[in-house]
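Structure at a glance
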2 protein chains.
Amino acid sequence: MENFQFNSNTQIFFGKGQISNLPNEIKKYGKKVLLVYGGGSIKKIGLYDTVINLLKDFEIHELNGVKPNPKIESVREGVKLCREHSIEVVLAVGGGSVIDCAKIISAATFCKEDAWDMIKKSIKTETALPIITVLTLSATGSEYDAGAIIANKSENEKLGYESELIRPKTSILDPEYTFTVSAYQTAAGSVDIISHILEQYFVPYSPFLADKLCEAVLKTVIKYLPKAIENPKDYEARGQLMWASSIADNGILSLGSRITAFSCHGIEHELNGYYDTTHGVGLAIITIRWMRYILNEKANEEILKRFANYGINVWDIDSNLEKLEISKKSIDLTEKFFKSLGIPMSLTELGIGEEHFEEMASNSVKYGFLEYAFVPLDKNDVIKILKMCL
Amino acid sequence: MENFQFNSNTQIFFGKGQISNLPNEIKKYGKKVLLVYGGGSIKKIGLYDTVINLLKDFEIHELNGVKPNPKIESVREGVKLCREHSIEVVLAVGGGSVIDCAKIISAATFCKEDAWDMIKKSIKTETALPIITVLTLSATGSEYDAGAIIANKSENEKLGYESELIRPKTSILDPEYTFTVSAYQTAAGSVDIISHILEQYFVPYSPFLADKLCEAVLKTVIKYLPKAIENPKDYEARGQLMWASSIADNGILSLGSRITAFSCHGIEHELNGYYDTTHGVGLAIITIRWMRYILNEKANEEILKRFANYGINVWDIDSNLEKLEISKKSIDLTEKFFKSLGIPMSLTELGIGEEHFEEMASNSVKYGFLEYAFVPLDKNDVIKILKMCL
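Residues numbered from 1 in each chain as written. Chains lettered and ligands numbered in written order. Predicted model: local features only at pLDDT ≥ 70, side-chain atom pairs only at ≥ 80, totals over all residues. Heavy atoms only, no water.

**A closer look at the relation of the copies chain B and chain A**
When chain B is fitted to chain A, the residual RMSD is 0.0 Å, and the transformation amounts to a turn of 180 degrees plus an axial shift of 0.0 Å. Taken together, the turn and the small shift mark the pair as related by a two-fold rotation axis. Residues of chain B ranked by C-alpha distance from the rotation axis are headed by Asn-9 of chain B, positioned 2.1 Å from it. The share of interface residues of chain B whose copies in chain A are also at the interface is 100%, consistent with both copies meeting through the same surface. (Least-squares fit on C-alpha atoms with pLDDT ≥ 70 in both. Contact = heavy atoms within 4.5 Å.)

**Things to note about the sheet that holds strand 1 (residues 4-14) of chain A**
The strand order across the open sheet built from 12 strands is 3(A)-2(A)-4(A)-5(A)-8(A)-1(A)-1(B)-8(B)-5(B)-4(B)-2(B)-3(B), with neighbouring strands paired in mixed fashion. The open sheet has two free edges, formed respectively by strand 3 (59-63) of chain A together with strand 3 (59-63) of chain B, since each of these has just one partner strand. Strand-to-strand twist of the sheet, defined as the mean angle between neighbouring strand axes without regard to direction, takes the value 25 degrees. Note that strand 5 (residues 131-135) of chain B and strand 8 (residues 170-173) of chain B share four bridges and pair parallel. Bridging from a neighbouring strand, Val-134 of chain B pairs with Ile-172 of chain B of strand 8 of chain B. Packing against the sheet, helix 9 (residues 235-248) of chain A makes contact with strand 1, strand 5 (131-135) and strand 8 (170-173) of chain A together with strand 1 (4-14) of chain B, and its axis sits at approximately 150 degrees to strand 1 of chain A. This element, helix 5 (residues 96-108) of chain B, spans strand 2 (32-36), strand 3, strand 4 (89-94) and strand 5 of chain B of the sheet and lies at about 165 degrees to strand 4 of chain B. (Pairing = 2+ DSSP bridges. Helix = DSSP H or I, 4+ residues; strand = E, 2+ residues; numbered from the N terminus. Axes fitted to C-alpha atoms, helices over the stretch in contact; angles between N-to-C directions.)

**Focus: the UniProt feature "domain: Fe-containing alcohol dehydrogenase-like C-terminal" (unreviewed entry) in chain A**
On the UniProt side, "domain: Fe-containing alcohol dehydrogenase-like C-terminal" (unreviewed entry) is annotated at positions that read residues 186-388 of chain A here. Strand forms 0% of residues 186-388 of chain A and helix 67%; the C-alpha atoms that close the span are 25 Å apart. (UniProt positions renumbered as here; feature names shortened; annotations may be inferred.)

**Considerations on the interface of chain B and chain A**
Between chain B and chain A, the residue contacts involve 40 residues of the former and 40 residues of the latter. The three residues of chain B that bury the most area against chain A are Met-1, Phe-208 and Leu-209 of chain B, which together make up 20% of that side's buried surface. Linking chain B with chain A are zero salt bridges. Our count for the contact surface shared by chain B and chain A stands at 16 residue pairs in polar contact (both at pLDDT 80 or more). Among the secondary structure elements, those contributing two or more residues to the side of chain B that touches chain A are strand 1, helix 8 (208-230) and helix 9 (235-248) of chain B. At 11 residues, strand 1 of chain B tops the list of elements feeding residues into the side of chain B that touches chain A. For the side of chain B that touches chain A, the per-class residue count stands at 21 nonpolar, 13 polar and six charged. As paired elements, strand 1 of chain A and strand 1 of chain B share seven bridges and run antiparallel to each other. Across the sheet, the residue bridging to Ile-12 of chain A is Phe-6 of chain B, located in strand 1 of chain B. (Buried area = accessible area lost by both parts, 1.4 Å probe. Salt bridge = Lys/Arg side-chain N within 4 Å of Asp/Glu carboxyl O. Polar contact = N/O pair within 3.5 Å; in protein donor to acceptor, adjacent residues only side chain to side chain. Nonpolar A, V, L, I, M, F, W, Y, C, P; charged D, E, K, R; others polar.)

**Brief notes about the pairing of strand 7 (residues 157-162) of chain A**
Residues and elements named next belong to chain A. Pairing between strand 6 (residues 147-152) and strand 7: six bridges, direction antiparallel. Residue pairing across strands places Ala-151 opposite Lys-158, the latter belonging to strand 7. Two successive antiparallel strands, strand 6 and strand 7, enclose a turn made up of four residues, where Asn-156 displays a positive phi of approximately 50 degrees.

**Section: the UniProt feature "domain: Alcohol dehydrogenase iron-type/glycerol dehydrogenase GldA" (unreviewed entry) in chain A**
Residues given the UniProt feature "domain: Alcohol dehydrogenase iron-type/glycerol dehydrogenase GldA" (unreviewed entry) here are residues 10-175 of chain A. In residues 10-175 of chain A, the share of helix is 30% and the share of strand is 25%. The end C-alpha atoms are 18 Å apart.

**Notes on the packing of aromatic side chains**
Here the structure, examined in full by the defined rule, presents 30 aromatic pairs over all chains. Ring pairing ties together the aromatic residues Tyr-201, Phe-202, Trp-290, Phe-307, Tyr-310 and Phe-374 of chain A, which thus form one cluster. The side chain of Lys-43 of chain A reaches across the aromatic face of Tyr-48 of chain A, ending 4.6 Å from its centre. Taking NZ or CZ as reference, Arg-306 of chain B lies 5.3 Å from the ring centre of Tyr-201 of chain B, over its face. (Phe/Tyr/Trp six-rings, centres within 6.5 Å; stacked < 30°, edge-to-face > 60°. Lys NZ or Arg CZ within 6 Å of the ring centre and 35° of its normal.)

**Details of the pairing of strand 1 of chain B**
Residue and element names in this part refer to chain B. Counting buried positions over the 11 residues of strand 1 gives nine, a clear majority of the element. Alignment of strand 1 against strand 8, held across four bridges, turns out to be parallel. Among the inter-strand pairings, Phe-13 is bridged to a residue of strand 8, identified as Ile-172. (Buried < 20%, exposed > 50% of the residue type's maximum accessible area, 1.4 Å probe, protein only.)

This is the structure we're talking about:
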């Protein structure tokens, strides 16, 4: 096992009615709150009103309109509000984009440089506003981790930022808030969960325990995602997806593993630098091609073993078959599963051509550290994978 | 899924050489340290010297000789030292008994009543000294949870105490410190891990995700325990057991489950009130009989389903067999596994007769809440189970 350090100190409130804890949790940090949210969905489901009613005794300032693949412009607006109103707590009500935006706001408020420079130059946060989240989409796991990803359209980039200081102090996870999430977004969100786990599973080394924990969550998502799509108000299904999303990206599943790069995320983020694709949809398209690309005639025993484990333990493929056959079947089953969810499975379907593949490939290798991945990828490899996605 | 609250905010340092973080971690809380440890084992492996050398700049007071099934007398001695020397941090170097003793010392130092009264009357802790642990035995999970269990021989009792304030601030887990643990203690420790998971698995309700996480850790322990016994310096095996022990009892595996009682622990703790049995050995003996007792002719579909899941997913029993057959086989395989580890499988072998079964049964129902367990148990049930253990 590899050495590791771990501290997952977000206070989680999971389940129906847990929103009632919000005032007490915010009170710990202050009275002046920046409420960050996206479009109108939290108003449609009544959550906005619930929050406003609960926080009658607080001074609320609002940053709304945060978009998927959250934009640096929203961050800058939030930073301005925090400084102007001496905000004491940032409250994110929404999905991963809203939470990521809130995280960067909370750190950049104290940064002397512009928020984008802070991200791009990885300027270390010395202090940050406390963040509290109310989750409305099971996907990124941002509610339970210490990272955030922001897009900058003017530079065609989407970059990540990490700091223990931006880990949410408290996250409220009520599966009922995801009842109205569309089938498409539910599927895309769950592909993000699956991808987070696959990125931790296809690695140079992982302890057996980590593999088993990863497989446990993968099987859960594969079992409950179709149920949540079929019956959007299935609390059990929504609940299992929600908790799966939270533990899929905070590291707990793969402690002791040697993880060198998140290959598919590395490529997909570059796609998001140029296009507003839904993150999970981009991941579904890329993941299948990445799998087929690395399972080539040069695939060594270690790669075959990984795929075979995945096929046997996640997709219940007969372990008596040849490893290569199991491996190929495991990719076929993954693709079939994604297709069954109604996810478009090519970039062409999304209206994306190869115009920017060169730059995207360069940047993904650079920012995604893909040369050090489980199967190292250079620029040409990434271009080939992207072409397979057309 | 059931509602839950969760915050696992212990800073974990896992792996070789992580002890070097000790001075910095202690420094956060002060200079005056109570070092709590057991017999001579930490001296034999050189860990005592390492710690003392690292803490040259600190004022160290020592409480040694903490016994397995830690006694209230050790706690009282520790409390006295903490008060006399205005201790600022409690450092536990050892296994679960040492850590549990340190936890109660840290809380009882500020309690106006005697430490045993604090436990017995569940007097809420208002403050506690920060606790740092260095683990030397993979077993109880105390290094990563908020509970402690203490024995009082004069009252023939062993009782638990819970408080967020006694959750360790930092735990250092270096699998090398377990290289010299005997085969017997390694096996007993792992039975404790297994039992912690079974107590979370045989419950009135658990989400699929929780079941899968529990099965993941069970399979890991079953795979690596024989390896650790065969080759005590197998770092990989020791490492997986160590991390398994830490996550097996802090709740993360079963969040969203409805857990009503830890049946076998409830009975075993009473055994420890009268006898100094090794906790894990007592658990092995009781667990098998408890399983056979609840899998009787009255066992309903829910009980059969639990056992069948356990048999199929943990012991790889053919899922095409009848549920009852799978269930019985799962118990047989569990027993065979325990026996293969060289664990004595009856109370008679431990020199224990039925003299105290009446009181033990009464107390276990009372303190273990066994009337509310997955399969509710009254005093007579417990007596019958204990008699099966002879």
